[in-house]
Amino acid sequence: MILISRPPDVPTPPPIQTLDDDLIAFLQRPYEDGVTTGGDFSIANLAPSNPVTRDRLLGYAYAVYDTFVSRQFPTRSTPSAHTALLLPLLELLHGLHPHNSPVALLLGCVYHHHNLIQRSLQINRHILQHDPDNVSAMCNLGVNLRLMNFPVEAFEYWWRALQLSPINWDILDNMLETFLGSNSLGGTSPAVFDEPTSHVLQTHRQALQMCNFVLGHLPENPVRKEEVHRAQNTFCRRALLLRSLQEVGEWADLVDGIEIGINTLALPRPFLPVDSIRPRKATLDDLLLQIHSIGMSIRDKTNRDISSRDRLLNPRDAFPTASVEYGSLDPLPSPEASGWRMLQPTLLLFPQETLRLPRMLWPSTQGSLPSIAPSTIAEILRDDTEIERLKALTNVATSRLLRTWAMRVQDLPEFQPPTTQDDTLSATVPGSVFHATKSLAILADYLALSLSPTAMSYNDLGILLSSLDTQPSTSRSSGSSSSGVTTGHNLSRVYFEAGLEAEPYNAHLLTNLGSYWRKEGNYEEAIRYYQLSLTRNPEFAVARIYLERTLEEIECAPLHDPGVVLTPLAGRISKEI
């Protein structure tokens, strides 16, 4: 559950750097039930009675809270020893300014984190008595009521708050977590929605209505940079809900979520001429075509200039020096134009090349997604840790949407690799001019990996690449094999191994790498990786099935077959099974 310590549009007051020694001594005195005891310190002489000093002390309290309680925005200047002063300081400020909502709101959050739920409930109700439309207090009341096992009452407060503030992702997340559970909020896997019961379907419909309510208000409420990833996650959740209910709109939600990330939401006016033309909106089709164009340049350059794998893996040699940015993109070729609907040939990029795609696509923002690029001097001067946190969150959300979109392309019944020059064999992807091919899914997965290089991103690409055939359209000249040709199959090994560098004991990657060696006929390596996978996850059924099949193949393999590697290791493992 998410507590709101301050409304998103209200800036935090500038904090003081240090507390007055007398005030520290006063706050450190023993206190019970919020009443300080002992000493002759005069409250009339307290600096917090001054509104300006009150706000600066409140800013200091926010800095302590954000650093050591919510741990959202680390700041190096806040002394950790002052965390014990947070509660008495806020109680003092609230006593001096009982109708100041920001003070009471933060005090309610601190009460909550100290597990003083009744006090948190009381302070938020106190806020609503003199500020009846305070959305943050309603949200926090709902959180406390939900924790006290009053979900209906909590929902009533959240729904009332959402009607006053339709674009409020914290409230929506709390409502969705109540209906769907916390596991469904951040993931992309539709597994939680497989074969739902009638009760689950009803719950999904209610959750879908909440998402519809919030996303329906987006046109008149532009998304703030800090909340781009929240909007993207909501589009992804609604897409999963639509899929579980077998309703239309899933494709549009995935595309809309991706395009929020790749488009600039606020024009950088300080850096553009007054009469400058607004850059046209970039679409997902634009993005995929641009990645394909960059990849073709890489392929042509490496095929022409690079004679060894060592040079191929050097980004300076692998990448062309020029790129095109969205503001100057040429119009997308007509869908009827020959060759464009399939985006062939399939690109084979090494991980080092893939990871540099963002800088090639958006050089002016140094690879950052345009949606979160700084547009004012103040944004440029923001704290580096906050900028990096925002960039990481948006990259992850965009990557999640791209991976989900790529999986949906592969789910299409007509999905198949091109087998002839006639590109009418595959169906057009909903909302796109392109047809459903492995090439298209691979392009989306390339960018997804480059934005968020996780173990499962490497795994997705490795699986797709391993399924490619070895015809010229899916191969690339290099020094990576004895024949001088890199195919999707042998490139998949590079991605599986790169994924294991990110997560050394990932059972999926270990199993897939075992399958790679099994296909190569190296049963010793295949068995080794299958066993490593089972060591990390003994319940991983896929690895056990593949291991058993491999052992069966060894028993049936002709002894004279040069493609089969038989060693004493295989026999030893067979006995262990």
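Residues numbered from 1 in each chain as written. Predicted model: local features only at pLDDT ≥ 70, side-chain atom pairs only at ≥ 80, totals over all residues. Heavy atoms only, no water.

Q: Which parts of the structure should I look at to understand the state of the cysteines?
A: Here, the word disulfide means a covalent bond between the sulfur atoms of two cysteines. Enumeration over the complete set of coordinates arrives at 0 disulfides. Between Cys-139, a cysteine without a disulfide, and Cys-109, which holds the nearest cysteine sulfur, the sulfur-to-sulfur distance is 9.0 Å. (Disulfide = S-S within 2.5 Å.)

Q: Would you explain the pattern of salt bridges in this entry?
A: Oppositely charged side chains may form a pair once their charged atoms are brought near each other. Summed over the entire model, instances satisfying the criterion amount to 17 salt bridges. We note a salt bridge from Asp-253 to Arg-238, for which the minimum N-O separation is 2.6 Å. In this pair, Asp-253 is assigned in helix 11 (residues 250-262) and Arg-238 in helix 10 (residues 228-244), connecting sequence segments 15 residues apart. According to the relative accessible area criterion, Asp-253 is buried, its value standing at 2%. Under the relative-accessibility criterion, Arg-238 is labelled buried at 15%. Linking Arg-528 and Glu-525 is a salt bridge whose minimum nitrogen-to-oxygen distance equals 3.0 Å. Residue Arg-528 and its partner Glu-525 are located together in helix 23 (residues 523-536), separated by 3 residues, close to a single helical turn. Given the relative accessible area of 36%, Arg-528 is considered partly exposed. Residues joined in a network through salt bridges with shared partners are Asp-170, Asp-173, Arg-230 and Arg-237. (Salt bridge = Lys/Arg side-chain N within 4 Å of Asp/Glu carboxyl O. Helix = DSSP H or I, 4+ residues; strand = E, 2+ residues; numbered from the N terminus. Buried < 20%, exposed > 50% of the residue type's maximum accessible area, 1.4 Å probe, protein only.)

Q: Where do I start with the packing of helix 7 (residues 151-164) against helix 8 (residues 169-180) in this structure?
A: Between two packed helices, both the angle of their axes relative to each other and the distance between the axes serve to describe the pair. With their axes 10 Å apart at the nearest point, helix 7 and helix 8 run at an angle of 145 degrees to one another. Crossing angle aside, the handedness with which helix 7 passes helix 8 is left-handed. Along its contact with helix 7, which presents Phe-155, Trp-158, Trp-159, Ala-161 and Leu-162, the element helix 8 presents Ile-171, Asn-174, Met-175, Thr-178 and Phe-179. Partitioning the contact of helix 7 with helix 8 into residue classes produces 8 nonpolar, 2 polar and no charged. (Axes fitted to C-alpha atoms, helices over the stretch in contact; angles between N-to-C directions. Left-handed = near helix turned anticlockwise from the far one by under 90°. Contact = heavy atoms within 4.5 Å. Nonpolar A, V, L, I, M, F, W, Y, C, P; charged D, E, K, R; others polar.)

Q: What's the story with the nonpolar core in this structure? I'm lost.
A: Nonpolar side chains in soluble globular proteins generally cluster together in the buried interior. If you look at the biggest cluster of nonpolar residues, it comprises 116 residues, and the most contacted ones within it are Leu-90, Leu-288, Trp-405, Tyr-446 and Tyr-495. Those residues within four positions of Trp-405 in sequence are excluded, and the remaining contacts are Trp-251, Leu-254, Val-255, Ile-258, Leu-284, Leu-288, Val-429, Leu-440 and Ala-444. (Core = buried A, V, L, I, M, F, W, Y, C linked by side-chain atoms within 4.5 Å.)

Q: Please clarify how the packing of aromatic side chains should be interpreted in this entry.
A: How two aromatic rings sit relative to each other is given by the distance of their centres and the angle of their planes. Within the structure shown, the criterion is met by 6 aromatic pairs. Arranged with centres 5.5 Å apart and planes meeting at 70 degrees, the rings of Phe-155 and Phe-179 form a pair that is edge-to-face. Separated by 24 residues along the polypeptide, Phe-155 in helix 7 and Phe-179 in helix 8 bring together distant segments of the chain. Relative to Trp-517, the ring of Tyr-516 lies with its centre 5.1 Å away and its plane at 80 degrees, an arrangement referred to as edge-to-face. Just as Tyr-516 is buried, Trp-517 falls in that class too. Between Arg-6 and the ring centre of Tyr-62, over which it is positioned, the NZ or CZ distance is 4.5 Å. Just above the ring of Tyr-529 sits the side chain of Arg-528; from NZ or CZ to the centre is 4.6 Å. (Phe/Tyr/Trp six-rings, centres within 6.5 Å; stacked < 30°, edge-to-face > 60°. Lys NZ or Arg CZ within 6 Å of the ring centre and 35° of its normal.)

Q: Please explain unusual backbone geometry as it appears in this structure.
A: Most peptide bonds are trans, and most residues other than glycine sit at a negative phi. The backbone of Asn-149 sits at a positive phi, close to 70 degrees, despite the residue not being glycine. Phi angles above zero are rare outside glycine, and Gln-246 is one such case at about 55 degrees. Among the secondary structure elements, Gln-246 is positioned in the loop between helix 10 and helix 11. Looking at Gln-246, the relative accessible area reads 76%, which means it is exposed.

Q: Explanation requested: the environment of Leu-93 in the structure shown.
A: Relative to the helices and strands, Leu-93 resides in helix 3 (residues 86-96). Here Leu-93 falls in the buried class, since its relative accessible area comes to 0%. For Leu-93 and Ala-104, which are 11 residues apart along the polypeptide, the C-alpha to C-alpha distance reads 8.7 Å.

Q: Please explain helix 2 (residues 51-68) as it appears in this structure.
A: Helical periodicity: at 3.6 residues per turn, an α-helix aligns residues three or four positions apart in one direction. For helix 2, built from 18 residues, the straight-helix expectation of 26 Å at 1.5 Å per residue is met to within 8% by its first-to-last C-alpha distance of 25 Å. Turning to helix 2, its buried residues number three or more, namely Arg-54, Leu-57, Leu-58, Gly-59, Tyr-60, Ala-61, Tyr-62, Ala-63, Val-64, Tyr-65, Asp-66 and Thr-67. (Expected span 1.5 Å × (residues − 1).)

Q: For this particular structure, what's the right way to read the side chain of Thr-511?
A: By secondary structure assignment, the location of Thr-511 is in helix 22 (residues 507-520). Under the relative-accessibility criterion, Thr-511 is labelled buried at 2%. Residues within four places of Thr-511 in sequence aside, it is in contact with Tyr-530, Ser-533, Phe-540, Val-542, Ala-543 and Tyr-546.

Q: Just checking my understanding: could you explain helix 23 for this structure?
A: Look at helix 23: 20 Å from first C-alpha to last across 14 residues, which is about the 20 Å you get at 1.5 Å a residue. Within the span of helix 23, buried status applies to Tyr-523, Glu-525, Ala-526, Ile-527, Tyr-529, Tyr-530, Ser-533 and Leu-534.

Q: How should the packing of helix 19 (residues 438-451) against helix 20 (residues 455-466) be read in this particular structure?
A: Helix 20 packs onto helix 19 with a crossing angle of 160 degrees between their chain directions and a minimal axis gap of 9 Å. Classified by the angle their axes make, helix 19 and helix 20 are roughly antiparallel. You can see that helix 19 and helix 20 cross each other, and the crossing is left-handed. The residues of helix 20 that touch helix 19, namely those facing Lys-438, Ala-441, Ile-442, Asp-445, Tyr-446, Ala-448 and Leu-449, are Ser-457, Tyr-458, Asp-460, Leu-461, Leu-464 and Leu-465. (Parallel < 35°, antiparallel > 145°, perpendicular 65-115°, else oblique.)

Note that every value here comes from positions in space, so none of it alone points to a role or purpose.
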